[in-house]
Amino acid sequence: MPATILVVDDEVAIRRLLRNTLEQAGHQVVEARDGREALARAAADHPDAVLLDLGLPDRDGLSLIPLLRGQGERVVLVVSAREATEEKVAALDLGADDYVTKPFDSEELLARLRVALRHARAAEAAPRTVKTGDLVIDLDCRLVTRGGEEQHLTRKEYDVLAMLARHPGRVVTHDRIIDAAWGGDEDPRIDYLRIVVRNLRQKLEAPQPVGSVIANELGVGYRLRMEG
């Protein structure tokens, strides 16, 4: 479905490439060269999504993420040359929907944008049941079925899966998952999370290949992979 996309980048060549790519996909494009212009265009044009560079001339793009999200429900997709894991984690923790590293493949970027827009629009209807392949997660009834058969999960397994299901197709950082599943428990560690995810994969993915439902974003977090 066509959308209005705000491209925020100080490099003319990158803005031109993104405009051509997005317009060929049927989207309407508006542009901004820095953080100040980005906030003004976002307020005036009400874009459905923002493609945000982090290396802006007047401010760090990370500081824009909560401001852009605070203006209204919209997708924020970071497109940056910064490759450090801590940068990706920071962007996602601040509310970015996804993170694409430059140089990027145009088709991959469009695919990630489509996924983020699709799930943002679905979230507006407040869906409480998430379906991927033959896996169904009913968040109201705390019920998980695969191929029509109920899957018996521990409390921690369900809490981790539910956190991913609340953000379908998006990367959820380790810290956010741990906070949701362990809450105030003492000394939650990433090792515990890895064990829970391994158990979930064994219960939910067999005989499918490991990783087919829960994808690992190395050093960042996990993503519930969505299938039709």
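Remember, it's a predicted structure, so these values are computed and weren't measured experimentally.

The periodicity of an α-helix, 3.6 residues per turn, causes residues three or four positions apart to be oriented the same way. For helix H1 (residues 12-24), built from 13 residues, the straight-helix expectation of 18 Å at 1.5 Å per residue is met to within 8% by its first-to-last C-alpha distance of 18 Å. Where H1 is concerned, the buried positions are Ile14, Arg15, Leu18, Thr21 and Leu22. Along the axis of H1, the buried residues cluster in a sector spanning 135°; they form a single face. Opposite its buried face, H1 presents the exposed residues Ala13, Arg16 and Gln24, each directed more than 90 degrees away. A positive backbone phi angle near 95° is found at Gly26, which sits one or two residues after H1.

We now examine the nonpolar core. Counting 26 residues, the largest nonpolar core has Ile137, Val160, Ile177, Leu193 and Leu224 as the members making the most contacts within it. Contributing elements (two or more residues each) for this core: strand S7 (135-138), helix H6 (155-165), helix H7 (174-182), helix H8 (190-204) and strand S12 (221-224). A per-element tally of this core places H6 first, with seven residues. When sequence neighbours within four positions are dropped, the list of residues in contact with Val160 reads Ile177, Ala181, Trp182, Leu193, Val196, Val197 and Leu200.

By the burial criterion, the buried members of helix H4 (residues 85-93) are Val89, Ala91 and Leu92. Seen along its axis, H4 keeps its buried residues to an arc of 165°; they face one direction. At its buried positions, H4 is contacted by helix H3 (64-70), strand S4 (75-80), strand S5 (98-101), strand S10 (171-173) and H7. Remark: Gly95 follows H4 within two positions and exhibits a positive phi of approximately 120°.

Criteria and cut-off values
Residues numbered from 1 in each chain as written. Predicted model: local features only at pLDDT ≥ 70, side-chain atom pairs only at ≥ 80, totals over all residues. Heavy atoms only, no water. Helix = DSSP H or I, 4+ residues; strand = E, 2+ residues; numbered from the N terminus. Expected span 1.5 Å × (residues − 1). Buried < 20%, exposed > 50% of the residue type's maximum accessible area, 1.4 Å probe, protein only. Arc of directions from axis to C-beta. Core = buried A, V, L, I, M, F, W, Y, C linked by side-chain atoms within 4.5 Å. Contact = heavy atoms within 4.5 Å.

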